[in-house]
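This is what each chain is made of:
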Amino acid sequence: MKMETWTKSSAYSWRFFILLLLMFTNQVAAELRYSVPEEVKEATLVGNIAKDLGLEKSHLTGRKMRIASGSEDTFFFVNKDNGALQVRKKIDREELCHGSGACLVELKIIVENPLEMHHVVVENSDVNDHSPNFTKTEQHFQIAEHTSLGARFQLQAARDPDAGVNSIRTYVLSSNDYFDIDISQNDEDKRPFLVLKRQLDREKTNKLGLFVTAIDGGKPPQSGTLNVSVTVLDINDNRPSFDKEVYQIEIYENVPVGTIVTRVNATDPDEGTNGEIEYNIANILEPKIYSIFELESSKGQIKLKSRLDFEESDIYKIDIEASDKAAPPLTGRCRVDVKIKDINDNSPIIDITSLSNTISEDSKPGTAISLISVTDKDSGINGKTIMHILNDAPFELKPSYKENIYSLVTKEHLDRVAVSHYDILIQAKDYEDGIHGDNDVHCLLFGFGFHVSSLPRRN
Ligand SMILES: *[C@@H]1O[C@H](CO)[C@@H](O)[C@H](O)[C@H]1NC(C)=O
């Protein structure tokens, strides 16, 4: 008996348990689910609760169906006439839920007579109502030229509160020669990077203006734009370079000290001190150059420091170095060839190389009395001289076998009885069309005399 009672009561409790289980399952199954897109108009129908719960429409008024008060009830209301759940005010999904998961609103619906409570879950589906948005619309980078290719620069990520496919899908970079865009994805997070694909050269492009567009996956897609500016920083990658490798200058030997011989010009396209140039004479092994020429180090002007003399040197080769002011500096070289032009600054010099101070009366016309050589240290036309016999005498000068050597010869028979002594005055004179310096035409007078001797006595 006792045993039987136990069995019976045990069977009852089992039945009760199953009932509870069924009720529970029923209740879960009875939970109503609706879905409504966000941003729909007020009074939009979400679903008819009364119908879905199987409540008689005619009894509705008596049952006072309503939403139990709670924080989320304000978005919806129950139409008392037909038991429909409707939208009370516009729902902004992003205001209601954060993140991109399902946005659910749970409502408790109360019905009276008899008192019942039902659960209603409304899913708020996303519409693409937001554009991707960059917190700051500008982003600036300073990147050194010669930065290695492949270098990455993180861009600001855009935000788009829309969920799922409506959130940011990709980033697009405006077309340009230097950068690609790369998007690294970490879970839901997309991070855009600029990736350097071509060597930057400040001397070609010192600034770049790009824009990045963030695009979401909605239909149609929405987008947001970020302006990206890149300043290319200089490095000292250019050496000073001269206009010419060799400057050819010609000046007269008599130009005054202080004269500007020439100006050399080097340029360096680098920025700031990387492009500032200083000039120096680089003839380290030729101290003479330094004593004759002075180089103004910032302007590249070469000035004459002391007097020139063509007869001493007719050319100077000045090596010039231009350095920029970077540390370490880069240098460039050029040469200035200063050719000195002669001017007629030297007088002729006469040299009597052979002389007899007597001449026999029976000498035939054309007899040489003397060889006269004339030299002039000047060159070319400046070194040429003309010789004249200035006084009236029966002699003439004849060019000889060698330039600048003349013979003084008799022009006719001499007669000792008539004239026994001659004085001859010779002038050596520079060409008048030579280039003259401080002095006028140079000339030199040279005089000498000799006797005419009588005929030898015939025996
Ligand atoms: C030097 O050369 C550069 C390039 O050729 C030129 O732009 C500049 O005017 C020159 N400077 C002088 C002082 O001649």
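Residues numbered from 1 in each chain as written. Predicted model: local features only at pLDDT ≥ 70, side-chain atom pairs only at ≥ 80, totals over all residues. Heavy atoms only, no water.

(A) Quick look at the side chain of T385. Locating T385 in the fold gives a position in strand 27 (residues 385-389). Note on T385: relative accessible area 8%, which makes it buried. Setting aside its immediate chain neighbours within four residues, T385 contacts P348, V374, D376, N404, Y406, K429, D430 and Y431. (Helix = DSSP H or I, 4+ residues; strand = E, 2+ residues; numbered from the N terminus. Buried < 20%, exposed > 50% of the residue type's maximum accessible area, 1.4 Å probe, protein only. Contact = heavy atoms within 4.5 Å.)

(B) Representation of the packing of aromatic side chains in the model. For the structure shown, the criterion picks out 6 aromatic pairs. With centroids separated by 6.0 Å and ring planes inclined at 65 degrees, the aromatic side chains of F141 and F153 adopt a geometry described as edge-to-face. Of this pair, F141 sits in strand 8 (residues 138-144) while F153 is found in strand 9 (residues 152-154), placing the two residues 12 residues apart along the sequence. By the burial criterion, F141 is buried, and F153 matches it. The rings of F141, F153 and F179 are connected pair by pair, giving a single aromatic cluster. (Phe/Tyr/Trp six-rings, centres within 6.5 Å; stacked < 30°, edge-to-face > 60°.)

(C) Highlighting the sheet that holds strand 22 (residues 315-324). Reading across from one edge, 16-23-22-19 is the order of the 4 strands in this open sheet, with mixed pairing throughout. Only two strands of the sheet have a single neighbouring strand rather than two, namely strand 16 (246-252) and strand 19 (277-281). Within this sheet the neighbouring strands show an average axis-to-axis angle of 25 degrees, counted without direction. In this structure, strand 16 lies alongside strand 23 (residues 331-341), joined through 7 bridges in parallel fashion. Across the sheet, the residue bridging to E250 is K339, located in strand 23. (Pairing = 2+ DSSP bridges. Axes fitted to C-alpha atoms, helices over the stretch in contact; angles between N-to-C directions.)

(D) Looking closely at the pattern of salt bridges. Within this structure, the stated rule accounts for 14 salt bridges. Taking the shortest distance from any N to any O, the salt bridge between E112 and R66 comes out at 2.8 Å. Of this pair, E112 sits in the loop between strand 6 (103-111) and strand 7 (116-125) while R66 sits in strand 3 (residues 66-67), and the two are 46 residues apart along the sequence. Of the charged contacts in the structure, one is a salt bridge between K197 and D180, with a shortest N-O distance of 3.6 Å. Taken as a pair, K197 in the loop between strand 12 (189-196) and strand 13 (207-216) and D180 in strand 11 (residues 179-186) lie far apart in primary sequence, 17 residues in all. Residue classification places K197 among the partly exposed residues on the basis of a relative accessible area of 38%. (Salt bridge = Lys/Arg side-chain N within 4 Å of Asp/Glu carboxyl O.)

(E) Highlighting the sheet that holds strand 1 (residues 32-37). Pairing in this open sheet of 4 strands is mixed, and the strands run 1-7-6-3 from one edge to the other. The open sheet terminates on both sides in strands that have one partner only, identified here as strand 1 and strand 3. With 2 bridges connecting them, strand 3 and strand 6 associate as antiparallel partners. Within strand 6, the position partnered with R66 by the bridge is I110.

(F) Structural detail: the site of the ligand. Taken together, the residues surrounding the ligand are D243, R263, N265 and T267. A distance of 2.2 Å separates an oxygen atom of the ligand from a polar atom in the side chain of N265. When the free accessible area of the ligand is taken as 360 Å², the share hidden by the protein chains comes to 35%. Its residues assigned to classes, the shell around the ligand comprises no nonpolar, 2 polar and 2 charged. (Near = heavy atom within 4 Å. Polar contact = N/O pair within 3.5 Å; in protein donor to acceptor, adjacent residues only side chain to side chain. Areas by Shrake-Rupley, 256 points an atom, 1.4 Å probe, with all protein chains shown as cover. Nonpolar A, V, L, I, M, F, W, Y, C, P; charged D, E, K, R; others polar.)

(G) Here's a closer look at the confidence of the model for the protein. Across the protein, the average pLDDT comes to 84, with 88% of residues at 70 or higher. Ignoring residues within four places in sequence, the model shows residues 1-9, a span with pLDDT below 50, making 0 contacts including any to other chains. Counting contacts from residues 24-29, a segment whose pLDDT is below 50, to residues more than four positions away or on other chains yields 0 contacts. (pLDDT = per-residue confidence, 0-100.)

(H) Inspection of the nonpolar core at higher detail. Residues F293 and I320 are the most contacted members of the largest nonpolar core, which totals 27 residues. When contributions to this core are tallied by element, the ones reaching two or more residues are strand 16, strand 19, helix 5 (287-292), strand 20 (293-295), strand 21 (301-304), strand 22 and strand 23. Ignoring sequence-local partners within four residues, the contact set of F293 consists of V261, I281, I302, K303, L304, K305, L308, Y316, I318 and V338. (Core = buried A, V, L, I, M, F, W, Y, C linked by side-chain atoms within 4.5 Å.)

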